[in-house]
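# Report on the structure
Chain by chain, the residues run as shown.
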Amino acid sequence: MNQVPSIRLDGITISQSMVIAEYLEETRPTEPPMLPKDPKTRAIVREIAEIINSGTQPNQNLGLINRIEELGGVDAKMAWIEKALFRGLKAAEALVEKYGGKYAVGDDLTIADAFLYPQIYSAAVRFGLDVEKNCPILHRLYKTLSEHPAVIAASPDQQKDLPPA
């Protein structure tokens, strides 16, 4: 499909965020694991990741929001973005409230955090939405994740192949 994200590893090209994340964890496991060993905890991590991956992020793809703006103007676009993002973020927040600790699920970084962080960033920074007011638990998580060395290292401005703005 020639999509982003994609990654070429081990002689194959893989696309789709969740598939990439799971492949990396299966072939290059971390300690502690990004997908917890306990099946129930792993299911919660995947649920949060999928709320973002399939239920939230696609609603803010550039082609879609540009088309909404063409049809209804900037106000319609922003109304759509706010509704779509907070619908997903609030669903994720309910799970983080129930299962979270220092991070989204417990006290170890997981794939749930890897999916949540850029979505919270997008809502707050890219679109200027008030995450602190609407999703205070995720806002706290965002602040915590912003200080994690792995998150700092993965930020776009740290990537050697980032095109100039």
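These notes cover the structure that comes with them. Everything numeric here is computed off the predicted structure, so don't read it as measured data.

### Concerning the nonpolar core
Judged by nonpolar contacts, the single largest core of 38 residues is most densely connected at Ile-48, Leu-89, Ile-111, Leu-116 and Leu-138. Looking at this core, the elements with two or more residues in it are helix H1 (17-27), helix H2 (39-53), helix H3 (62-99), helix H4 (111-126) and helix H6 (136-146). Here this core gets 8 residues from one element, more than from any other, and that element is H3. Apart from the residues within four sequence positions on either side, Ile-111 is in contact with Met-18, Ala-21, Glu-22, Met-34, Leu-35, Val-45 and Ala-49.

### Remarks on the packing of aromatic side chains
Summed over the entire model, instances satisfying the criterion amount to 1 aromatic pair. Residues Tyr-117 and Tyr-142 carry aromatic rings whose centres are separated by 4.9 Å and whose planes lie at 15 degrees to one another, so their mutual orientation is stacked. Pair noted here: Tyr-117 is in helix H4 and Tyr-142 is in helix H6, with a separation of 25 residues, a long-range link. Both residues of the pair, Tyr-117 and Tyr-142, count as buried.

### Examining H1
Taken together, the buried positions of H1 are Met-18, Ile-20, Ala-21, Glu-22, Tyr-23 and Glu-25. Residues of H1 that are buried sit in contact with strand S1 (6-9), strand S2 (12-15), H2 and H4.

### Some thoughts on the pattern of salt bridges
One pass over the structure, following the stated rule, counts 4 salt bridges. Taking the shortest distance from any N to any O, the salt bridge between Asp-10 and Arg-28 comes out at 2.9 Å. One end of the pair, Asp-10, is in the loop between S1 and S2; the other, Arg-28, is in the loop between H1 and H2, and 18 residues separate them in sequence. For Asp-10, a relative accessible area of 48% gives the class partly exposed. Residue classification places Arg-28 among the partly exposed residues on the basis of a relative accessible area of 36%. Among the salt bridges present, the one from Arg-67 reaches Glu-70, with a minimum N-O distance of 3.0 Å. Residue Arg-67 and its partner Glu-70 are located together in helix H3, separated by 3 residues, close to a single helical turn. For Arg-67, a relative accessible area of 45% corresponds to the partly exposed category. According to the relative accessible area criterion, Glu-70 is exposed, its value standing at 59%.

Reading guide: rules and limits
- Residues numbered from 1 in each chain as written.
- Predicted model: local features only at pLDDT ≥ 70, side-chain atom pairs only at ≥ 80, totals over all residues.
- Heavy atoms only, no water.
- Core = buried A, V, L, I, M, F, W, Y, C linked by side-chain atoms within 4.5 Å.
- Buried < 20%, exposed > 50% of the residue type's maximum accessible area, 1.4 Å probe, protein only.
- Helix = DSSP H or I, 4+ residues; strand = E, 2+ residues; numbered from the N terminus.
- Contact = heavy atoms within 4.5 Å.
- Phe/Tyr/Trp six-rings, centres within 6.5 Å; stacked < 30°, edge-to-face > 60°.
- Salt bridge = Lys/Arg side-chain N within 4 Å of Asp/Glu carboxyl O.

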